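Residues per chain, in single letters:
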Amino acid sequence: MARLWLLLLAALLTAAGSDSAGIGFEFHHRFSDRVRQWAEDRAIPGAWWPQKGTAEYYAALAHHDRALRGRSLADASASELTFADGNVTFLLSSLGFLHYAFVELGTPNVTFLVALDTGSDLFWVPCDCQQCASTHLVQGLELNVYSPSNSSTSQKVPCSNSLCDNQNACTGTNGSCPYNVQYLSANTSSSGFLVEDVLYLTTEDATPRIVEAPIVFGCGDRQSGAFLDGAAPNGLFGLGMEKVAVPSILSSKGFTSNSFSMCFGEDGVGRINFGDKGSSDQQETAFFIDGRHPSYKINLTGIAVGNSSTDMVFDAIVDSGTSFTSLADPMYTYIAENFNAQIKEKRYKSESNSTFEYCYELSPGQTSVLLPVINLKTLRGSVFPVNDPIISVLGPANQTIYCLALLKFSGVNIIGQNFLSGLRVVFDRERLVLGWKKFDCYTVDNSTALSTPTSSPSNAVAPVPSSYTQEMTKTDPNAAQVPARSPPSSYSPHSKAMSNLSPVVLLMLSLALLW
């Protein structure tokens, strides 16, 4: 995973029109009056919008968002599941520029803020730590640490278990299965042992129900590298193809079909849904499966940058756990040089150790830029659009600079989360295809859903268990409340570290403080 060395501006890039050669972008602060007006124009009748930049302001946005979502629940497949705290994901620049979601584990349930990673398989959380990230990295939010001894449903995973891939390090067949995962980022790893415990999910239908899904995950007592510096400090949710990945476990146990979707909103707000097989109007291309280590690799046959295009055959892994797209030559050079040739702004002379090679300085008072459209052509002709190829940064003299957010890499080509922006991406592991369509992650999708298997996994849905306790909403009478599912009488206030605010309000608060 790439590490962010630059100070990032919180800019909302809003499309202002396009033609065959370029897309116009206007620069707006995420909390600007124009963004506020956008939110107010879409508010439910009678809604009150508190002061921008406050936690209540974002809670109100979330309220509106959930109301929109509720109108589509009746049409959702009963086989679709998402996290018990909701399907919302957030892009956090301060935590490695990755997408995060809240998940609930164990009995009683404990909340974790985990990074979502389609480029790795194992889900792990900090656990009985010997070397872990600080629990205070997110201002206003204390991060939890898992302990098997504190969960009545936790079980060790013995070395004889089929999900134990590190049996060579076992001391015996009945001992706990150890794990040690090394990541691409320099000296970055997680190690510990495997456990099985309950992951709490909810159905995506008109009457949401809590689902208790026993899963295997890593009890990570020792992390290193980027995990200690802010990337995924509270756990990494592996979404890869191996059998230990959560989507594989959910499918093998009949909870959902073997597919899931992630929506990557251009404003940093996204979605995740397990069992989502996509829609009939999506673009698709087949996965290129490597039997030694299956991943979401696709074949590409061409590149178009504005008025220039070329045939170029290469493959790339679609990886939400990589912050910025990285390509080897000649792909990198073709995109970068043709992008540079069609940019009107003066190129910014950056230092030799700068993260991005091609950066440009805005003139005083300039608020918009015209960018060449970048498209990747996939095998069999589908076009993969790159909706947001740039990132804005603050120069040493406080000048506004934007850069082509593309890295040159001599190894594996990776389509990172920044090139997924503005798309709803479906990882269909049954049909072995990647699907995508342009989507804003808010609008109700009325397109026809692709069919699910005739053997519906809906029987796996359990009644709301008494062991799950829902987070309380903020009790400030002046705050806009985030509506929650009606809890049964067995619910009780959450007693863990993040009990005073709902997860949505907490994350919105941290966003307001960090951006």
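Figured I'd write up the structure that's included with this text. Predicted, not measured: the structure shown is a model, and the values here were computed from it.

1. Considering the overall build of the protein
So, point 1. Along the backbone of the protein there are five helices and 29 strands.
So, point 2. In the protein, which comprises 515 residues, the proportion classed as buried is 57%.
So, point 3. Contacts spanning at least 24 positions in sequence make up 67% of the contacts within the protein whose residues lie at least 6 apart.
So, point 4. Just so you have it, the protein exposes about 21,100 Å², and 50% of that area is on carbon and sulfur atoms.

2. What about the packing of aromatic side chains?
So, point 1. Under the definition given, this model contains 18 aromatic pairs.
So, point 2. The interplanar angle of 15 degrees and the centroid separation of 4.9 Å between the aromatic rings of Phe-260 and Phe-427 together place this pair among those described as stacked. Highlighted residues: Phe-260 in strand β13 (residues 259-264) and Phe-427 in strand β28 (residues 423-428), separated in sequence by 167 residues.
So, point 3. Among the residues examined, Phe-427 registers a relative accessible area of 0% and is labelled buried.

3. A short note on the pattern of salt bridges
So, point 1. Tallying each qualifying case throughout the model produces nine salt bridges.
So, point 2. Close ionic contact of Lys-437 with Asp-281 constitutes a salt bridge, the shortest N to O distance being 3.0 Å. In this pair, Lys-437 is assigned in strand β29 (residues 433-438) and Asp-281 in the loop between β14 (269-274) and β15 (283-286), connecting sequence segments 156 residues apart.
So, point 3. A relative accessible area of 11% places Lys-437 in the buried class.
So, point 4. Overlapping salt bridges, with partners in common, bring together Lys-277, Glu-284, Asp-428, Glu-430 and Arg-431 in one network.

4. Re the nonpolar core
So, point 1. With 102 residues, the main nonpolar core has Phe-123, Phe-237 and Ile-415 as its most contacted residues.
So, point 2. Once you skip the residues sitting within four places of it in the chain, Ile-415 turns out to touch Ile-298, Leu-300, Ala-316, Ile-317, Val-318, Asp-319, Thr-325, Leu-376, Phe-384 and Leu-420.
So, point 3. Ranked by size, the runner-up nonpolar core spans twelve residues in total, among them Tyr-348, Cys-359, Val-393 and Leu-407.

5. Structural notes on the environment of Pro-385
So, point 1. Tracing the backbone through its elements, the reader meets Pro-385 in strand β23 (residues 383-386).
So, point 2. Linking Pro-385 and Leu-420, residues 35 residues apart in sequence, is a C-alpha distance of 8.5 Å.
So, point 3. Sequence-distant contacts of Pro-385, defined by excluding residues within four places in its chain, comprise Ile-374, Asn-375, Phe-419, Leu-423, Trp-436 and Lys-438.

6. Quick word on the state of the cysteines
So, point 1. Enumeration according to the criterion identifies six disulfides in this entry.
So, point 2. Note on cysteine connectivity: Cys-159 is disulfide-linked to Cys-170, with sulfurs 2.0 Å apart. Judged by the sign of its S-S torsion, about -100 degrees, the cystine formed by Cys-159 and Cys-170 is left-handed. With Cys-159 in the loop between β8 (155-156) and β9 (178-182) and Cys-170 in the loop between β8 and β9, this residue pair connects regions lying eleven residues apart in the sequence. The burial state of Cys-159 is the same as that of Cys-170; both residues are buried.
So, point 3. Ordering the disulfide-forming cysteines of the protein by sequence position, one finds them joined as 1-8, 2-3, 4-6, 5-7, 9-12, 10-11.

7. Side note on the side chain of Thr-285
So, point 1. In this fold, Thr-285 is placed in strand β15.
So, point 2. Judged by relative accessible area, Thr-285 falls into the buried class, the value being 5%.
So, point 3. Other than its neighbours up to four places away in sequence, Thr-285 contacts Ile-298, Asn-299, Thr-378, Leu-379, Val-433, Leu-434 and Trp-436.

8. Looking at the sheet that holds strand β25 (residues 400-404)
So, point 1. Pairing in this open sheet of four strands is antiparallel, and the strands run β19-β20-β25-β24 from one edge to the other. Of all the strands in the sheet, the pair left with one neighbour each is β19 (346-347) and β24 (390-394).
So, point 2. Relative to β25, β24 runs antiparallel, the two being bridged by five bridges. From the neighbouring strand, Leu-394 faces β25, where its bridge partner is Thr-400.
So, point 3. Contacting β19, β20 (359-361), β24 and β25, helix α4 (residues 331-341) runs over the sheet at an angle of about 140 degrees to β25.

9. Some points on unusual backbone geometry
So, point 1. Residue Pro-108 is bonded to the preceding Thr-107 through a cis peptide linkage, with omega at 0 degrees.
So, point 2. As for its position among the elements, Pro-108 is in the loop between β5 (98-105) and β6 (110-117).
So, point 3. Residue Asp-329 is joined to Pro-330 through a cis peptide bond whose omega torsion reads 10 degrees.
So, point 4. Its location among the elements puts Pro-330 in the loop between β18 (325-327) and α4.
So, point 5. At Arg-380, a residue that is not glycine, the phi angle is positive and equals roughly 75 degrees.
So, point 6. Along the chain, Arg-380 turns up in the loop between β22 (374-378) and β23.
So, point 7. Take Arg-380: its relative accessible area is 80%, and that puts it in the exposed class.

Quick notes on the rules
Starting from 1, residues in each chain are numbered consecutively following that chain's sequence as written. Local features in a predicted model are, by the rule used here, given only for residues with pLDDT of at least 70; side-chain atom pairs are given and counted only at 80 or more, and totals for whole chains, interfaces and linings are based on all residues. Calculated side-chain values reflect all of the structure's heavy atoms, with hydrogen atoms and water omitted. A run of H or I in DSSP counts as a helix once it spans at least four residues, and a run of E counts as a strand once it spans at least two, with each numbered from the N terminus. Three exposure classes are used, based on accessible area relative to the maximum for each residue type with a 1.4 Å probe and protein chains only: buried under 20%, partly exposed in between, and exposed over 50%. Should any heavy atoms of two residues lie within 4.5 Å, those residues are counted as being in contact. Per-residue and other accessible areas follow the Shrake-Rupley method at a 1.4 Å probe size, with only the shown protein chains counted as cover for residues. Each Phe, Tyr or Trp ring, with Trp reduced to its six-membered ring, pairs with another whose centre is within 6.5 Å; inter-plane angles below 30 degrees give stacked pairs, above 60 give edge-to-face pairs, and intermediate values give tilted ones. By definition here, a salt bridge exists when the distance from a side-chain nitrogen of Lys or Arg to a carboxyl oxygen of Asp or Glu is within 4 Å. By nonpolar core we mean a set of buried residues, namely Ala, Val, Leu, Ile, Met, Phe, Trp, Tyr and Cys, connected to one another through side-chain atoms within 4.5 Å. Any cysteine sulfur atom paired with another within 2.5 Å is treated as part of a disulfide. Only strands that DSSP links by at least two bridges are regarded as paired with each other. Helix axes are fitted only over the stretch in contact, all axes being lines through C-alpha atoms; the angle between N-to-C directions runs from 0 to 180 degrees.

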